[in-house]
Amino acid sequence: MNRITKAVAFALFIMVMAKLVNGQTIRLGEDPHAPDIVLREGPFYLLIDNKGNLTTAEPELFRTSNEVRIDYDLDGRIKQFGNTSVDYDLDGRVRQIGDARIDYDLDGRIRRVGSKRIDYNFNGKIERIGDESLDYDLSGRVRQFGADRIDYDLNGRICRIGDLRIEYDLNGRIRQIGDRRFDYDLDGRLRSVSGSAVARQFMRKYRMIERINQ
């Protein structure tokens, strides 16, 4: 990606920072310490908290070289992102993204995004996301996510997802995931990322497990 393309993408990122009702936001994030349950629908990532509430609809701006037009409704909410429309229910929650309908239960938790269903156990914890089930240990932490076993270090941090090892620095920040290294500046902000790319499925699971365990 050249400098001009990066500048355009950054400008689009600033434009799309739009606050939705009920505390929902639209933002972009690549920080490995942003723990969220992430579902993909069209050009959006839907971020869900550990209670099953939709908190953020995050458009994927940096992976497209095409021009993207963004339209807003009278309440300042995004109603059109490129070719994808966004609709809201009477409570102001995102109801539809493109052809995918988003359903909520009586407690306001997301039960379905398009064809992907979310189920909860008697304790209110998520026990299935699509075709992947979740199992918990006696402390209530995710121990199994689909086919991947989850291990924790002595500080209770995730240190392994399946075969992927995760390391932390002395400040508790992620230092390395597999061969992917994360470096921070003196203010603790993520400054650079190097090494082999981490499979999206592992970063997705890491963020989701962190959120569910909260």
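Residues numbered from 1 in each chain as written. Predicted model: local features only at pLDDT ≥ 70, side-chain atom pairs only at ≥ 80, totals over all residues. Heavy atoms only, no water.

(A) Representation of the pairing of strand E17 (residues 158-161) in the model. Here strand E16 (residues 148-152) runs beside E17; their pairing, made up of three bridges, is antiparallel. From the neighbouring strand, Tyr-152 faces E17, where its bridge partner is Ile-158. Once E16 ends, the chain turns through five residues before running back antiparallel as E17, passing Gly-156 with a positive phi of about 80°. Summarising the sheet, E17 and strand E18 (residues 164-168) pair through two bridges and their orientation is antiparallel. Bridging across to E18, Ile-161 finds its partner in Leu-164. The antiparallel hairpin formed by E17 and E18 contains two residues in its connecting segment, where Gly-162 sits at a positive phi of about 60°. (Pairing = 2+ DSSP bridges. Helix = DSSP H or I, 4+ residues; strand = E, 2+ residues; numbered from the N terminus.)

(B) Structural detail: the packing of aromatic side chains. Applying the stated criterion across every chain yields a total of zero aromatic pairs. The ring of Tyr-88 is capped by Arg-77, whose NZ or CZ atom sits 4.1 Å from the centre of that ring. Taking NZ or CZ as reference, Arg-93 lies 4.2 Å from the ring centre of Tyr-104, over its face. (Phe/Tyr/Trp six-rings, centres within 6.5 Å; stacked < 30°, edge-to-face > 60°. Lys NZ or Arg CZ within 6 Å of the ring centre and 35° of its normal.)

(C) View of the pairing of strand E20 (residues 180-184). Sheet analysis places strand E19 (residues 174-177) next to E20, joined by two bridges and oriented antiparallel. Across the sheet, Ile-177 pairs through a bridge with Arg-180, a residue of E20. Hairpin connection between E19 and E20: a loop of two residues separates the two successive antiparallel strands, and Gly-178 in this loop has a positive phi of roughly 60°. Bridge analysis of E20 against strand E21 (residues 190-194) gives four bridges, and the strand direction is antiparallel. Note that in E21 the partner of Phe-182 across the bridge is Val-193.

(D) Main features of the pattern of salt bridges. A full pass over the atoms with the stated rule returns 22 salt bridges. In this structure, Arg-95 and Asp-89 form a salt bridge, with 3.6 Å as the shortest nitrogen-oxygen distance. Residues Arg-109 and Asp-105 are paired through a salt bridge, measuring 2.7 Å at the closest nitrogen-oxygen approach. Exposure class is identical for Arg-109 and Asp-105. Each is buried. Within this structure, Asp-89, Asp-91, Arg-93, Arg-95, Arg-101 and Asp-103 form a network of salt bridges that share partners. (Salt bridge = Lys/Arg side-chain N within 4 Å of Asp/Glu carboxyl O. Buried < 20%, exposed > 50% of the residue type's maximum accessible area, 1.4 Å probe, protein only.)

(E) Looking closely at the environment of Ile-102. On the secondary structure map, Ile-102 appears in strand E10 (residues 100-104). Sequence-wise, Ile-102 and Arg-112 are ten residues apart; in three dimensions their C-alpha atoms are separated by 5.6 Å. Among residues more than four places away in sequence, those in contact with Ile-102 are Leu-46, Val-94, Arg-95, Ile-97, Ile-110, Arg-112 and Val-113. (Contact = heavy atoms within 4.5 Å.)

(F) How the structure looks around the environment of Asn-155. Mapped onto the elements, Asn-155 comes out in the loop between E16 and E17. Judged by its relative accessible area of 59%, Asn-155 falls in the exposed class. For the pair Asn-155 and Gly-172, spaced 17 residues apart in sequence, the C-alpha to C-alpha distance is 9.3 Å.

Interpretation note: all reported values are geometric properties and have no functional meaning in isolation.
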